[in-house]
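Architecture and fold: a report
The chain contents come next:
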Amino acid sequence: FIAEQRRKLGGNSKELVIFETKTLNADDFTEYVYNPATMRLWNEHSWLINFHTPHCGHCRALQDPWRKLASEVSDDSLTVAQVDCSRPDNQLVCL
């Protein structure tokens, strides 16, 4: 599942990969993580998602530990990701 997901996200022009941290946008979030029709996750796969804004001091302070965590996670049952909540197109998933 994760290999397929990484391939799909990697093909998205908006996607940035920082170590193994995935940067999700609102479309990716509803396509891979959360089904808005059922208000549930798409499957049993676990996600650890950092909702952040680049100008937030607390968010910036967590970037290095977040990257370290992402680089140390080797279990394909968990994806470490982030959502930039300063982008207007991500507001629906950040509220």
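Residues numbered from 1 in each chain as written. Predicted model: local features only at pLDDT ≥ 70, side-chain atom pairs only at ≥ 80, totals over all residues. Heavy atoms only, no water.

Further remarks concern the overall build of the protein. Across its full length, the protein carries four helices and six strands. The linear arrangement of helices and strands in the protein, starting from the amino end, is α-β-β-α-β-β-β-α-β-α. Partitioning the intrachain contacts of the protein with sequence separation of at least 6 by distance along the chain shows that 59% fall at a separation of at least 24. Of the roughly 6,000 Å² of accessible surface on the protein, a fraction of 57% belongs to carbon and sulfur atoms. (Helix = DSSP H or I, 4+ residues; strand = E, 2+ residues; numbered from the N terminus. Contact = heavy atoms within 4.5 Å. Areas by Shrake-Rupley, 256 points an atom, 1.4 Å probe, with all protein chains shown as cover.)

Formed by Leu-24, Ala-26, Phe-29, Tyr-32, Val-33, Trp-47, Ile-49, Ala-81, Val-83, Cys-85 and Val-93, the largest nonpolar core amounts to 11 residues. If you list the elements that add at least two residues to this core, you get helix H2 (26-33), strand E5 (46-52) and strand E6 (78-84). With residues near it in sequence (within four places) discarded, Phe-29 still touches Leu-24, Tyr-34, Ile-49, Phe-51, Val-83 and Val-93. (Core = buried A, V, L, I, M, F, W, Y, C linked by side-chain atoms within 4.5 Å. Buried < 20%, exposed > 50% of the residue type's maximum accessible area, 1.4 Å probe, protein only.)

A few words now on the confidence of the model for the protein. This prediction gives the protein a mean pLDDT of 75; 76% of its residues lie at or above 70. No element of the protein has a lower mean pLDDT than strand E1 (residues 17-18), which averages 37, and none a higher one than E5, which averages 87. Note that residues 1-19 has pLDDT below 50 and, in this model, 35 contacts with residues that lie over four places away or in other chains. (pLDDT = per-residue confidence, 0-100.)

Here the focus is the environment of Trp-66. You can see Trp-66 is positioned in helix H3 (residues 57-72). In the structure, Trp-66 is positioned 16 residues away from Gln-82 in sequence and 9.1 Å away in space, judged by C-alpha atoms. Within polar-contact distance, the side chain of Trp-66 engages the backbone oxygen of Ala-81 at 3.3 Å. (Polar contact = N/O pair within 3.5 Å; in protein donor to acceptor, adjacent residues only side chain to side chain.)

This part is about H3. The end-to-end C-alpha distance of H3, which contains 16 residues, comes to 24 Å, matching closely the 22 Å that a straight helix rising 1.5 Å per residue would cover. Residue Gln-63 marks the point of greatest curvature in H3, where the axis turns by about 35°; the proline Pro-65 follows within four residues. (Expected span 1.5 Å × (residues − 1). Bend = angle between axes of the 7 residues up to and from the residue.)

Let's shift gears to the state of the cysteines. Scanning all chains against the criterion turns up one disulfide. Two residues share a disulfide in this structure: Cys-85 and Cys-94, whose sulfurs sit 2.1 Å from each other. Since a negative S-S torsion denotes a left-handed disulfide, the Cys-85-Cys-94 link at about -85° is left-handed. Unpaired in terms of disulfides, Cys-56 finds its nearest cysteine sulfur in Cys-59, a separation of 3.1 Å. (Disulfide = S-S within 2.5 Å.)

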